[in-house]
Amino acid sequence: MKTTNLGYPRIGSKRELKRALEQYWSGKTDLESLLATAKIIRKENWLLQQEQGIDLIPSNDFSLYDQVLDLSTTLGCIPDRYTALANNPSFSDLDLYFAMARGIQQDGADITAMEMTKWFDTNYHYIVPEFTKNQVFNVSPDKIINEYKEALELGIKTKSVLIGPVSFLLLGKEKESGFHRIDLLERLLPAYEEILQQLVTIDAEHVQFDEPYLALNLSEKEQRAIHQTYSYFAAKFPSLKLTVANYFDCFGENIDTALALPVHTLHLDLVHCPLQLDDIIESNKLNSYTHLSLGVVDGRNIWKNEFEKSLKLIQKAIDHVGAERILIAPSCSLLHSPCDLDLETNEENLSGEIKQWLAFAKQKLEEVATLKKLVNKENLSDTLEKLKKNSEAQANKKTATLIHNQKVKQRVSALTAKDDQRESAFPTRQKLQKEALDLPLFPTTTIGSFPQTKEVRSWRANFKKGNLSADEYNVLLEKETKETIEFQERTGLDVLVHGEFERNDMVEYFGEQLSGFAFTSFGWVQSYGSRCVKPPIIYGDVSREAPMTVKWSAFAQSLTKKPVKGMLTGPVTILQWSFVRNDQPRSETCTQIALAIRDEVVDLEKAGLKVIQIDEPAIREGLPLRKEDWDAYLNWAIKAFRISASGVKDETQIHTHMCYSEFNDIISNIADMDADVITIECSRSQMELLDVFATFKYPNEIGPGVYDIHSPRVPERAEMVALMEKAAKQIPVEQLWINPDCGLKTRHWPETREALIEMVAAARECRQNS
Ligand code: GLN
Ligand code: ZN
């Protein structure tokens with residue numbers, strides 16, 4: 001029996017790669033020093049994995065930006081718009097690589113970046129490969145070969161990790177019509193063959209192919225493509241030990257395809273799909289030579305493994321195929337885990353009691369190794385002690401008062417059907433709200449945040465460090481809020497916001513004030529490129545101790561007669577952007593958060609706020625990978641939103657906001673949220689996103705964003721009027737609002753002022769024209 005790993009975080013335990021990248025991009029350091037940092041990280045990662053007891057250690061899991069982009073460049077999948085750059089001797093290969101990732105505006109060159117999108121249901125974003133009908137693949141496998149050799153110099157024979165051909169194609173996009181990207185497989189396989197040939201030449205023994213699309217609903221053609229691929233490789237390279245890795249969910253109907261693959265090892269995610277081990281055993285279809293890599297340690301959440309549970313799974317597999325055909329592994333690449341729990345020494349953030357329940361990447365590898373020792377009965381006294389400690393931690397988690405709050409549990413179980421219903425149906429509410437708010441046709445508003453200037457950031461940082469007293473800090477924020485309200489009044493906006501200057505992040509701000517949340521100091525996870533996020537940890541029952549936002553919203557409302565919109569983050573988004581407990585269903589945790597937000601909504605209403613926005617940008621990204629699981633998720637997620645929104649009077653107007661997302665297949669669920677107003681990101685799609693609202697006859701009010709806040713460009717009045725005219729052709733004007741695409745926190749004041757003045761002027765023009 002062996003231990004193995006699928007991939008290790010590459011950003012560095014203290015985000016060393018982030019810093020090195022950003023210094024290189026800003027011209028402060030040269031390429032050499034960036035590459036030196038990268039090399040140190042790789043070396044440390046390999047040695048650490050060896051030390052933790054991993055037998056089969058990955059290489060080529062490192063990346064300077066993204067592993068999908070790495071493969072695109074390895075395979076010569078470089079979109080035409082970069083050809084000039086590629087042929088220009090003053091740009092290095094790496095300049096080209098970063099230009100593909102980030103776009104480039106330099107020395108006369110002005111080329112847009114490749115598209116970026118979410119990696120399955122994680123918060124990691126990859127660069128989307130672009131394919132043409134006659135796509136040519138030109139292989140340059142240096143990165144893969146060099147990393148293999150680099151590890152070999154340390155005495156480590158690694159397993160090279162590659163995204164499999166079928167997943168690579170499916171991850172990409174066709175850039176012209178007349179073909180499906182899966183049709184490129186015939187051309188792609190010889191390219192992969194070249195890579196494998198070179199690996200064989202340097203005596204490599206193991207290659208891991210990630211085929212996470214095996215967890216999605218594949219068409220028959222795609223299933224055949226999987227079979228064709230691995231039959232091809234197995235026939236060409238009988239000596240190579242090929243692993244096909246699936247993770248994040250079950251094989252589902254792809255199980256027979258997976259079991260029939262002529263490969264050395266099949267990796268299973270037994271954290272997200274423990275039952276598939278039984279399916280495999282019962283089906284009796286596993287090849288007699290195929291090994292099973294058991295992903296028993298959760299690679300994407302931060303909880304300690306439950307050894308007793310894992311041992312049962314491992315034993316079951318051993319009984320069926322024999323220990324020599326078993327590998328123990330994390331469920332997926334540890335890319336999605338923070339690096340090292342040992343760095344968390346700040347008791348105020350993360351108490352020892354909570355830490356005993358956690359494991360980050362480094363600790364997860366130790367868990368994998370300990371599980372192997374327990375099965376092999378190695379170092380018995382030592383490992384049995386670890387087992388005992390592990391079981392104790394699990395046991396006290398079940399009863400810890402830090403986690404369990406009976407009041408919260410009772411409140412959740414006492415919920416009834418009317419708790420997720422507003423008092424009256426929308427038409428009644430709409431009438432009452434019209435009277436209460438007295439808004440014009442095409443009312444204008446913003447999404448919440450105003451520019452977070454350097455000063456605003458420094459106040460928050462200094463307040464946190466204790467360099468500013470609470471009084472000093474409040475005075476500064478009051479001034480900023482007041483100026484923002486005055487600006488909005490002067491400009492003639494209809495529904496104002498306070499500006500969110502007190503908030504660092506739309507989830508952290510709430511997490512810090514809710515019980516049941518903890519924070520780490522170094523729990524960073526790569527989001528894309530050099531960007532990392534530090535999600536809060538929801539460890540216990542969630543409740544609200546005191547109002548969280550009322551002070552700032554009420555203050556802002558006291559400054560103006562116009563309605564101010566209270567600003568909250570919704571339960572699904574808070575859940576989605578945190579590490580979530582695994583000892584109860586996500587739905588339960590989400591409902592608890594919903595009740596806490598509901599209390600806040602009610603308090604805002606009491607404080608005189610007539611409009612309250614509950615942001616839910618993350619609803620769509622919470623969708624499960626397999627379609628058959630969508631309904632169950634949408635049921636509880638939409639219900640959680642409704643619980644949070646339904647504690648107020650009919651007169652109080654509830655808004656929600658969602659960033660750019662496709663609504664096609666979930667429009668009825670969006671309508672079910674029953675927000676009085678929904679604002680969506682729309683300008684980049686030229687209002688096309690509205691089609692589905694129109695076809696569905698979406699009954700409530702909608703604010704389709706009229707300008708893209710991701711760019712400093714000031715939109716022209718005529719442009720916005722034209723967009724709204726387009727919108728008015730689809731949606732009755734009585735239902736339309738005018739607003740930017742999203743919050744303005746990343747913008748600067750000068751362009752924000754100009755843009756909003758133009759937007760209000762555009763609204764006036766729309767009113768005159770209609
Ligand atoms: N209210 C938030 C803001 O304006 C919304 C951000 C978001 O949707 N991502 O910043
Ligand atoms: Zn947004």
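Residues numbered from 1 in each chain as written. Chains lettered and ligands numbered in written order. Predicted model: local features only at pLDDT ≥ 70, side-chain atom pairs only at ≥ 80, totals over all residues.

As annotated in an unreviewed UniProt entry, the protein carries the name 5-methyltetrahydropteroyltriglutamate--homocysteine methyltransferase and is attributed to Zobellia amurskyensis. In its Pathway (unreviewed entry) section, the UniProt entry covering the protein states "Amino-acid biosynthesis; L-methionine biosynthesis via de novo pathway; L-methionine from L-homocysteine (MetE route): step 1/1." What UniProt states about the protein under its Function (unreviewed entry) heading is, verbatim, "Catalyzes the transfer of a methyl group from 5-methyltetrahydrofolate to homocysteine resulting in methionine formation." (UniProt positions renumbered as here; feature names shortened; annotations may be inferred.)

**Notes on the overall build of the protein**
Assigned secondary structure in the protein consists of 28 helices and 23 strands. Taken over the C-alpha trace, the protein has a radius of gyration of 27 Å; the compact-globule value for 770 residues is 27 Å, and the two agree within 12%. Here the C-alpha coordinates of the protein stretch approximately 75 × 65 × 50 Å along the principal axes. A buried classification covers 47% of the 770 residues belonging to the protein. Counted over contacts in the protein with a minimum sequence separation of 6, partners at least 24 positions apart contribute 79%. (Helix = DSSP H or I, 4+ residues; strand = E, 2+ residues; numbered from the N terminus. Rg over C-alpha atoms; globule rule 2.2 N^0.38 Å. Buried ≥ 20, exposed ≤ 12 C-beta atoms within 10 Å, placed from the backbone. Contact = placed C-beta atoms within 7 Å.)

**Quick word on the packing of helix H1 (residues 16-25) against helix H2 (residues 31-51)**
Interhelical geometry of H1 versus H2 gives an angle of 170° and a closest axis separation of 9 Å. On the basis of their axis angle, the class for H1 and H2 is roughly antiparallel. Facing H1, whose interface residues are Glu16, Leu17, Ala20, Leu21 and Tyr24, H2 presents Leu31, Leu34, Thr37, Ala38 and Ile41. Grouping the amino acids of the contact of H1 with H2 by side-chain chemistry returns eight nonpolar, one polar and one charged. (Axes fitted to C-alpha atoms, helices over the stretch in contact; angles between N-to-C directions. Parallel < 35°, antiparallel > 145°, perpendicular 65-115°, else oblique. Nonpolar A, V, L, I, M, F, W, Y, C, P; charged D, E, K, R; others polar.)

**Re the site of ligand 1**
If you check the shell around ligand 1, you find 13 residues, and the closest are Ile447, Gly448, Ser449, Pro617 and Gly743. Partitioning the shell around ligand 1 into residue classes produces six nonpolar, four polar and three charged. (Near = placed C-beta within 6 Å.)

**Points about the packing of helix H14 (residues 361-376) against helix H15 (residues 380-399)**
It is the contact of H14 with H15, at a shortest axis distance of 10 Å, that shows an interaxial angle of 120°. Helix-helix and strand crossings are classified by hand; for H14 and H15 the assignment is left-handed. Residue-level inspection shows Thr370, Lys373 and Leu374 of H14 in contact with H15, the latter providing Thr383, Lys386 and Leu387. Classifying every residue of the contact of H14 with H15 gives two nonpolar, two polar and two charged. (Left-handed = near helix turned anticlockwise from the far one by under 90°.)

**Describing the nonpolar core**
Formed by 193 residues in total, the largest nonpolar core has its most connected members in Leu294, Val296, Ile328, Met724 and Met759. When residues of this core are assigned to their parent elements, the largest contribution, eight residues, is made by helix H23 (residues 586-606). Leave out the neighbours within four places in its chain, and leucine 294 touches Leu268, Leu270, Leu313, Ile314, Ala317, Ile326, Leu327, Ile328 and Ala329. (Core = buried A, V, L, I, M, F, W, Y, C linked by C-beta atoms within 7 Å.)

**Overview of the sheet that holds strand E22 (residues 677-680)**
In sheet architecture, strand pairing relies on hydrogen bonds along the backbone and comes in two forms, parallel and antiparallel. With respect to topology, five strands assemble into an open sheet ordered E19-E20-E21-E22-E23, the strand pairing being parallel. Sheet topology places strand E19 (565-569) and strand E23 (701-704) at the edges, where each strand pairs with a single neighbour. In this sheet, adjacent strand axes meet at a mean angle of 20° when their direction is disregarded. As paired elements, strand E21 (residues 653-658) and E22 share four bridges and run parallel to each other. For histidine 657, the partnering residue across the bridge sits in E22 and is threonine 679. Sitting on the sheet, H23 touches E19 and strand E20 (611-615), and the angle it makes with E19 is about 170°. (Pairing = 2+ DSSP bridges.)

**Description of the UniProt feature "domain: Cobalamin-independent methionine synthase MetE N-terminal" (unreviewed entry) in the protein**
Here, UniProt's "domain: Cobalamin-independent methionine synthase MetE N-terminal" (unreviewed entry) annotation points to residues 3-318. The span residues 3-318 is 42% helical and 15% strand by assignment, and the distance between its end C-alpha atoms comes to 14 Å.

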